Each structure stands twice: as structure tokens, then as C-alpha cells.
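Observations on chain architecture
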Amino acid sequence: MTTIAILGTGNMGSGLANRLAGKANLVIGSRTPEAGQLTYADAVAKADIVVLALPYDAALEAAKTLNLAGKTVVDMTNPVKADYSGLQLGHTTSAAEELQKLAPSANIVKAFNTIFAGLFAAPASETQAVPVFVAGNDEAAVDAVADLARTAGFAVENAGTLDAARLIEPVGMLNIRFGFGLGRGTSIAPTWLKLAA
């Protein structure tokens, strides 16, 4: 059975872990492990899929210091500025591509960055039409992350190769602006509709 390591015990990591509990073989990695948790390095060593449920700068550090070779690595980050006024980078590169540069032997897949943590607390029946936008250069890795997203109770939109993260990350920032800057709250998510011809 595929083992999934979730690095980070904040709202995103905990929310995804709750959605996957009982449906996947999970290990939880923490910077300061408590009972039932592992260090980041020990969690990665046990995993086939590693989820970076970390802020962007912490994800960069993880990519630099952990042995991610051969792993499918899910990048959930939005590289937001400290004041949340926008993204640190974009359009000519992305957080996902910067992580790939730091961990060239890993298969980085962008996913979950347009999902607010609060959606993980909703019943899965209410989120099955909410898309997780997925992008990566390795087809098998993308398929594995798409399966993970469906198992967690979401729909999937495959956006193609990893450079699509340059487009997906601004969608995440737009959702943050709607949720916080425009007061719409965190029970919202972007969707993608195909109308009948």
C-alpha cells in the first residue's frame, strides 16, 4: 500500500490527514514531533508520496535538506508575501518549479493550494465537485496525486506540466483575496465548469 507522509501539523496538514484517515496509510512528520508523529526525515524515509503542508519558505528548506529523491512530492504552498498583498514570484516561475530545482530527483506535483483548510472540515459529500488543480512533469506522479485528491473527497482538474503552477498559484492568491481581503470567508473555492455544447 502507498504510504503518504504529511509534513506539517498546521491547519492544512491536519485537515488533509483527517480526510485521509482510514483511507490511506499515513505518517505525520513534524518539526517538533509529539506522540504518534515522526521527524520530517523519518516520515519521508517511510513514504512514497510526501505532502509539503508547510509555508513556502519552510517548504524550500525541506526541499534543500531532506532526501526526496524518487519521491512524489505534493506542493500545497502559495508563495505569498508576508503581508498577504500578493505573491513573492510568479508568471516566469512558481513555488513548485523552485522546489523542483532544489529537489531535482523528486517528482514535484502542484496540488491543493486553492483549497482553504476549512474545506477539509466540511463533509466530503459537499466537496466532491470542488476541484484540486494538479500539475506536474511526471505522469505517474500526477496520477498518484490525483488519486489522493479524489480519496480526500475532491474533484481533479489536470492542468498539465509543472509550469502550469505559474497559473494555479495566482488562482490560490485570488481565493485568499476573496476569502480575507473581500470578506467572503474560508468556505469558498474556485471551480471549473464545462457547459453543455
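Preceding this paragraph is the structure being described.
So, a few notes on the structure that sits alongside this text.

The rules behind each value
Residues numbered from 1 in each chain as written. Predicted model: local features only at pLDDT ≥ 70, side-chain atom pairs only at ≥ 80, totals over all residues. Heavy atoms only, no water. Axes fitted to C-alpha atoms, helices over the stretch in contact; angles between N-to-C directions. Helix = DSSP H or I, 4+ residues; strand = E, 2+ residues; numbered from the N terminus. Parallel < 35°, antiparallel > 145°, perpendicular 65-115°, else oblique. Left-handed = near helix turned anticlockwise from the far one by under 90°. Contact = heavy atoms within 4.5 Å. Phe/Tyr/Trp six-rings, centres within 6.5 Å; stacked < 30°, edge-to-face > 60°. Salt bridge = Lys/Arg side-chain N within 4 Å of Asp/Glu carboxyl O. Buried < 20%, exposed > 50% of the residue type's maximum accessible area, 1.4 Å probe, protein only. Pairing = 2+ DSSP bridges.

To continue, consider the packing of helix H3 (residues 56-65) against helix H4 (residues 95-102). Where H3 contacts H4, the axes come no closer than 8 Å and their chain directions differ by 20°. Classed by the angle they form, the pair H3 and H4 counts as roughly parallel. By crossing handedness, the relation of H3 to H4 is classed as right-handed. Of the residues in H4, those in contact with Tyr-56, Ala-59, Leu-60, Ala-63 and Lys-64 of H3 are Ala-95, Glu-98, Leu-99 and Leu-102.

A few words on the packing of aromatic side chains. Taken as a whole and assessed by the stated rule, the structure comprises 5 aromatic pairs. Arranged with centres 5.7 Å apart and planes meeting at 85°, the rings of Phe-120 and Phe-154 form a pair that is edge-to-face. Here Phe-154 lies in the loop between helix H5 (139-151) and strand E7 (155-160) and Phe-120 lies in the loop between strand E5 (107-110) and strand E6 (131-136), a separation of 34 residues in the sequence. Linked through ring pairs, Phe-112, Phe-120 and Phe-154 together constitute an aromatic cluster.

Looking now at the pattern of salt bridges. Considering all chains together, one arrives at 6 salt bridges under this definition. In this structure, Arg-166 engages Glu-97 in a salt bridge whose closest nitrogen and oxygen atoms are separated by 2.8 Å. In this pair, Arg-166 sits in helix H6 (residues 165-181) while Glu-97 sits in helix H4, placing the two residues 69 residues apart along the sequence. The exposure class of Glu-97 is buried, given its relative accessible area of 13%. With its nearest N and O atoms 2.8 Å apart, the salt bridge here joins Lys-110 to Glu-169. Within this pair, whereas Lys-110 is found in strand E5, its partner Glu-169 is found in helix H6, the two being separated by 59 residues in sequence. Look at the salt bridges and you will find they share partners, linking Asp-75, Lys-110 and Glu-169 into a network.

This next bit is on the sheet that holds strand E4 (residues 72-75). If you trace the 7 strands from one edge of the open sheet to the other, you get E2-E1-E3-E4-E5-E6-E7, paired in mixed fashion. Each edge of the open sheet carries a strand with a single partner, namely strand E2 (25-29) and E7. On average, each strand axis in the sheet is tilted by 25° relative to the strand beside it, whichever way the strands run. Two strands pair when backbone bridges link them, and E6 and E7 are joined in this way by 5 bridges, in the parallel orientation. The residue of E7 that forms the bridge with Pro-131 is Ala-155.

On their own, these measurements won't tell you what the molecule is for.
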